[in-house]
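If you want the building blocks of each chain, they are given just below.
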Amino acid sequence: MPRNEQIYPIFLIRLQLETINKMQSPSSYQSIFEGAYGLLTGFATTIRHLFRKPITEPYPEFKRRLPERTRATIILTRDPDGEERCVACYLCSGVCPVNCISMQSAERSDGRRHAAWFRVNFARCIFCGFCEEACPTLAIQLTPHFETCQPDILRLLYEKEDLLVNHGGKNNAYNFYRHAGVAMGIDKGDHLGEDRPVDVRSLMP
Amino acid sequence: MLTQWIMGFILLIVKLGVCLLALLLGAAYLVLAERKLLARMQIRIGPNRAGPFGLLQPIADLIKMMTKEDLIPREADRVIFRYAPAVAAATAMLIFAVVPFGDHLVLWGNRIPLVITDLNVGLLAVLGLSSLGVYGVALGGWASHSKYSLLGAIRSVAQMISYELSLGLSLVPIVMMAGSFSLVDIVAAQTKYPFIFVQPISFIIFFISAMAEIKRIPFDMPEAENELIAGYHTEYSGLRFGLFFLGEYVTLVTLGALTAVFFLGGWHGPFLPGVIWLIIKIAAIAFCMIWVRGTLPRFRSDQLMDLGWKFLTPLALINIVITGAVLLILTVT
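Attention in this report is confined to the structure presented alongside it.

Rules behind the numbers
- Residues numbered from 1 in each chain as written.
- Chains lettered and ligands numbered in written order.
- Predicted model: local features only at pLDDT ≥ 70, side-chain atom pairs only at ≥ 80, totals over all residues.
- Heavy atoms only, no water.
- Axes fitted to C-alpha atoms, helices over the stretch in contact; angles between N-to-C directions.
- Helix = DSSP H or I, 4+ residues; strand = E, 2+ residues; numbered from the N terminus.
- Parallel < 35°, antiparallel > 145°, perpendicular 65-115°, else oblique.
- Contact = heavy atoms within 4.5 Å.
- Nonpolar A, V, L, I, M, F, W, Y, C, P; charged D, E, K, R; others polar.
- Phe/Tyr/Trp six-rings, centres within 6.5 Å; stacked < 30°, edge-to-face > 60°.
- Buried < 20%, exposed > 50% of the residue type's maximum accessible area, 1.4 Å probe, protein only.
- Left-handed = near helix turned anticlockwise from the far one by under 90°.
- Buried area = accessible area lost by both parts, 1.4 Å probe.
- Salt bridge = Lys/Arg side-chain N within 4 Å of Asp/Glu carboxyl O.
- Polar contact = N/O pair within 3.5 Å; in protein donor to acceptor, adjacent residues only side chain to side chain.

## Observations regarding the packing of helix α7 (residues 200-213) of chain B against helix α9 (residues 238-263) of chain B
Residue and element names in this part refer to chain B.
Here is step 1 of the chain: Put simply, α7 and α9 touch, their axes get as near as 11 Å, and they point 170 degrees apart. Between α7 and α9, the crossing angle belongs to the class labelled roughly antiparallel. Between α7 and α9, the residues in contact are Ser202, Phe203, Phe206 and Ala210 and Leu255, Leu258, Thr259, Phe262 and Phe263, respectively.
Here is step 2 of the chain: Each residue belonging to the contact of α7 with α9 can be placed in one class, and the counts come to 7 nonpolar, 2 polar and no charged.

## A look at the side chain of B:Ser149
Here is step 1 of the chain: Looking at where B:Ser149 falls in the secondary structure, it is placed in helix α5 (residues 147-178).
Here is step 2 of the chain: Apart from the residues lying within four places of it in its own chain, the contact partners of B:Ser149 are B:Gly141, B:Ser144, B:Gly231, B:Tyr232, B:Thr234 and B:Glu235.

## Observations regarding the packing of aromatic side chains
Residues and elements named next belong to chain A.
Here is step 1 of the chain: Applying the stated criterion across every chain, the model contains 17 aromatic pairs over all chains.
Here is step 2 of the chain: Arranged with centres 6.1 Å apart and planes meeting at 20 degrees, the rings of phenylalanine 122 and phenylalanine 127 form a pair that is stacked.
Here is step 3 of the chain: Look at phenylalanine 122 and you get buried, because its relative accessible area is 7%.
Here is step 4 of the chain: Centre to centre, the rings of phenylalanine 122 and tyrosine 158 are 4.7 Å apart; their planes meet at 75 degrees, and the pair counts as edge-to-face. Pair noted here: phenylalanine 122 is in the loop between β3 (113-121) and α5 (130-134) and tyrosine 158 is in strand β5 (residues 157-158), with a separation of 36 residues, a long-range link.

## Describing the packing of α7(B) against helix α10 (residues 274-295) of chain B
Residues and elements named next belong to chain B.
Here is step 1 of the chain: One way to put it is that α7 packs onto α10 with a least axis distance of 12 Å and a crossing angle of 65 degrees. As for the relative orientation of α7 and α10, their crossing is right-handed in sense. Where α7 approaches α10, its residues Phe203, Phe207, Ala210 and Met211 are matched on the opposing element by Ile285, Cys288, Met289 and Val292.
Here is step 2 of the chain: When the residues that make up the contact of α7 with α10 are grouped by side-chain class, the tally is 8 nonpolar, no polar and no charged.

## Regarding the interface of chain B and chain A
Here is step 1 of the chain: Listed by partner, the interface residues are 13 residues for chain B and 15 residues for chain A.
Here is step 2 of the chain: Summing the contributions of chain B and of chain A, the shared interface buries around 1,400 Å²; its carbon and sulfur component is 71%.
Here is step 3 of the chain: Considering only the surface of chain B that becomes buried against chain A, B:Arg40, B:Ile43 and B:Trp291 emerge as the three largest contributors, covering 44% of it.
Here is step 4 of the chain: Along the contact surface separating chain B from chain A lie 1 salt bridge.
Here is step 5 of the chain: The shortest N-O distance in the salt bridge between B:Arg49 and A:Glu61 comes to 3.0 Å.
Here is step 6 of the chain: At the junction of chain B with chain A, the criterion picks out 7 residue pairs in polar contact (both at pLDDT 80 or more).
Here is step 7 of the chain: Of all elements in the fold, only α1 (2-41) and α10 of chain B reach the threshold of two or more residues within the side of chain B that touches chain A.
Here is step 8 of the chain: In terms of residue count, the dominant contributor to the side of chain B that touches chain A is α10(B) (5 residues).
Here is step 9 of the chain: Residue composition of the side of chain B that touches chain A, grouped by class: 8 nonpolar, 2 polar and 3 charged.

See the structure below:
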């Protein structure tokens, strides 16, 4: 026994739908007026915009102040004592997705690590900021300065002297060797915010 | 006799040169005007780098077009591919030959009519040439051997042929009222009042069909960027692309001139010389077309055909019948 809907003649359904559509749609005169009104409002809007002041900021004459954390050219910062922050740990070079950072680590006579040479290839850099995130000493940072176009691609290779700046970038107060590391004469437990080492022999249950 | 002939020939060459130069310059600066106006309608500034207010932009564009590589696809039909843009540009420019741009001048006792040639079938020549323009588009798209070009060309041909009909039919009442196919006579018939006041419906049909004829937004289905890249001139580059582009804008100027001639009284107007009036009228029509481009979105293919065949063509036919009836009543009484 077929169900009721299935034997219901299809043309009757169509007829009903058509009558419903006719009842719902506005009369043709009304739709003409509505269409014309819609068109005219469009034309009025464009003509009004013709006399509005353009919102364009022409670039070389007008330079918008970019947010501090805009990611563009890379710099190497110094700590408050004026020393290079970079300890040549290779983390930035390891995390770089386009392999644009290369360096050679070296050790000073006082035991502090630094980069013998440090090179960023801005022809490859995609300004992702991963190096900045990976850096444990806040040495490598990205700046909002983005106008670095060069006529020759080789001039986009920045050496350490091109990258080094005389300030601390986003955090001037931070000094990595005050927080960690024993090579610079601060003993275990004497660093900022560090607990004394636990004597494991006294830690009896 | 011979000197007169030579004088006439030199005069013709001078007129041709002046007209051609004016037409090309007009088309070039129309591109700039369109870009500027569109930009302002979208509250942008538009081109402003080449020269003061970007006034040298057309020249910069020309240099760019001329120095770019002229690519021909490997599978293309080379001969047709090379000459199709010329057809598109030449037909557009030829139409202007029958447009009168002023009353006659008197120079050394000779009467010089300000029209290149006063054909007695000028209107038919106009329609014929604008139909020939379809060949440039169709052959260019066909010869490119590219799917986009071919689809664009097919669409253009369908659209241009459809709107050719309403374009021609909308001009029949004008011919009936002026009693002549000559554009000079049609302008002369409008000394008292321009035909737009008695034939507003014809004017609207002509304006819409003209926009469809030159494939401008909202009728730019053949060049729909988002589906066909650039339609029939997808594969063109360099100066050949420039010729298509030029043809399009020259047609815009010419159609503006024709609208002025058929409906706005041609070069007739108070106070100013005829040429200035014609330029003002062309500029007004061009502004309207740019305004439409800044406002309306693109039609769908079937809507386009519906508008042409089911609305404009019947309306134009009805308009012809009514005009004929009114003219008959006026002549009988």
